[in-house]
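Coordinates in review
Residue-level listing of the chains:
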Amino acid sequence: MVSWTIFRPSPDESAGAGRRRPLLKIPEGKKKRIQIMGMEYQIGERAILSGWLHRISIQKNISFATLRDGHSTAQAVCVDPRVRRRLGDIPQGSAVELLGTVVENGQSTKGCEFLVEAIRYEGSGTCDAFIDISKKELEIHQNHALDHAPVVLRRPDIRFRHRLAAASVQLFRSFLDAEGFTEIHTPRLNAGTMEGGSDLFALDYFGRPAFLAQSPQLHKQIMVGIFEKVYETGPVFRAERHATVRHLNEYTSLDAELGFIRDHRDVMELVNRLIAFMAKRLYELVLDWEERYPLLWPQAPERFPRVPFEEALVIARKAGAKTGETDLSPAAELAIGEWALGEHHSDFVFVEGYPMEKRPFYTHPDPDRPERSRSFDLLFRGQELITGGQRLHTKPAYLEAMKSRDIDAEGFEGYLEAFDAGMPPHGGFAIGLERWIQSLIQLPNIRMASLFPRDGKRLTP
């Protein structure tokens, strides 16, 4: 246990001009209360602040330290020579405790500062991979930053992204809780291919083949037959060999599924209300955070524009974007996003009625146009954010859909049993959390929205 070493000024030091700032004498009853690092203090009150030395500035007769905790920063001032020497011996970035007094300073951005009397430090004093995270711009390559995530993630601006992510999940939960949904937790290890695709991570499960879940899709449909409305948050895995700025091999999926719908438009209505709520409440939360960074907040009208797939193709091609006949290219999505912003003042736009051949086997076809699906994508700033739609809800329809796609129904018995027992018309959607944050803050690469991204090359840290 390292004890405090408190330096008391000698009479000579106290009298020296410029050596120590006198504490302001505030009459009783008129003392100001100041917020410092999430706590409220009076001017003149002694306190202990805990955190990391984010920035150190050693000057001729005075030293400054910016102390950072999990949410905010505070400015500390050292004028005693012995305290200043102690501060100079501690590496930047170290975890410390500071004992001192809250004093008023009109020149400080917060109107006060913390006058340090003692420092407690228990670190080793070395860091082989030192990165100065206090600089205004982190001038290192992205891969180098990801290699040293345990340090780089401490930057307040980077930490801010992940506070946004945490708040987004909280808002997702609170909205659906209020709508009568039940939170569930389904397996990430499965015996089969779940959705019938080939982009799965295979592993050995005590001598048997198993796969990491691409999504909780089939399990959450089963749970509709139990709770009617369910949601889940958790990691999903896609073994796709891509190296784009918008894909990860492991990401966080925010899933929801609900029963007794009329068609996919009921799901779209829910998504519209959810995203508008999340955008509004997140903005209000950020205004109250001590650390906040300039954001071009999205325009989210009460009702998002909706475009049939065929019309979306026309909009994209008029803008010069190349795209296929059965799906939208990234350039096409961007063009449609720009159209929605220009024509409807919305950063969000629904595209509905995708061709069935580009949708999973459990997607409900449009009865009037069987080649089209009762499904949708929600584009956010020209990038797919949400995919959703109505699902098939009878066993004969599933068996026919599987047969048409050469999917062996063997191994899906547990899933199909739910439809034997009777399922209501239902549908749902999924949000990629990292893509939500990427679009919200307009990050150039989705890896910047992930704490520890996993792609085709990265398994550490």
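Scroll up a little and you will see the structure.
The shown structure was predicted, so the numbers you read here are calculated from the model rather than taken from an experiment.

Digging into empty space enclosed by the protein
Summed over the entire model, instances satisfying the criterion amount to 2 cavities of 30 Å³ or more. In this structure, the largest cavity encloses a volume near 70 Å³. In this structure, the largest cavity is lined by 10 residues; those nearest its centre are I36, A74, Q75, C112 and E113. For the lining of the largest cavity, the secondary-structure elements that each account for two or more residues are β1 (33-36), β5 (73-78) and β7 (112-121). Among the residues forming the lining of the largest cavity, the class breakdown is 5 nonpolar, 3 polar and 2 charged.

Examining a nonpolar patch on the surface
Together, L189, L203, Y205 and F206 make up a nonpolar patch on the protein surface, roughly 420 Å² of accessible area in all. Along the polypeptide, L203 turns up in strand β10 (residues 202-205).

Description of the nonpolar core
Within the largest apolar cluster, 44 residues are counted, with the highest numbers of intra-cluster contacts made by I275, F429, I431 and W436. Mapped by element, the contributors of at least two residues to this core are α5 (156-178), β13 (250-259), α7 (264-288), β15 (348-352), β18 (375-380), β19 (383-390), β20 (426-432) and α12 (433-441). Broken down by element, the residue count for this core peaks at 10 residues, all from α7. In this structure I431 touches F172, T252, S253, L254, L274, I275, L385, I386 and W436, once residues within four positions along its chain are discounted. If you look at the next biggest cluster of nonpolar residues, it comprises 24 residues, including L53, L67, C112 and I119.

Observations concerning the packing of helix α8 (residues 309-318) against helix α9 (residues 330-344)
Between α8 and α9, whose axes approach to 8 Å, the crossing angle comes to 90 degrees. The angle between α8 and α9 places the two elements in the roughly perpendicular class. For the pair α8 and α9, contact is made by A312, I315 and A316 and by A332, A335, I336 and W339, respectively.

Concerning the sheet that holds strand β12 (residues 229-237)
Strand order across the open sheet formed by 8 strands is β8-β12-β13-β20-β19-β18-β15-β14, with mixed pairing between neighbours. Taken across any chain shown, the strands that pair with only one partner, and hence form the sheet edges, are β8 (182-183) and β14 (306-308). Pairing of β14 with β15, which is carried by 3 bridges, proceeds in the parallel orientation. Considered in β15, the bridge of P308 is made with E352. Sheet contacts for α7: β13, β14, β15, β18, β19 and β20; angle to β20, the most-contacted strand, approximately 35 degrees.

About the thresholds
- Residues numbered from 1 in each chain as written.
- Predicted model: local features only at pLDDT ≥ 70, side-chain atom pairs only at ≥ 80, totals over all residues.
- Heavy atoms only, no water.
- 1 Å grid on protein atoms, 1.4 Å probe; cavity = no way out; pocket = protein on both sides within 12 Å on 5 of 7 lines; lining within 4 Å.
- Points joined across faces, edges and corners; volume = space filled by probe spheres on them.
- Helix = DSSP H or I, 4+ residues; strand = E, 2+ residues; numbered from the N terminus.
- Nonpolar A, V, L, I, M, F, W, Y, C, P; charged D, E, K, R; others polar.
- Patch = residues over 30% accessible without salt bridge, like charges linked within 9 Å, V, L, I, M, F, W, Y side chains within 5 Å.
- Areas by Shrake-Rupley, 256 points an atom, 1.4 Å probe, with all protein chains shown as cover.
- Salt bridge = Lys/Arg side-chain N within 4 Å of Asp/Glu carboxyl O.
- Core = buried A, V, L, I, M, F, W, Y, C linked by side-chain atoms within 4.5 Å.
- Buried < 20%, exposed > 50% of the residue type's maximum accessible area, 1.4 Å probe, protein only.
- Contact = heavy atoms within 4.5 Å.
- Axes fitted to C-alpha atoms, helices over the stretch in contact; angles between N-to-C directions.
- Parallel < 35°, antiparallel > 145°, perpendicular 65-115°, else oblique.
- Pairing = 2+ DSSP bridges.

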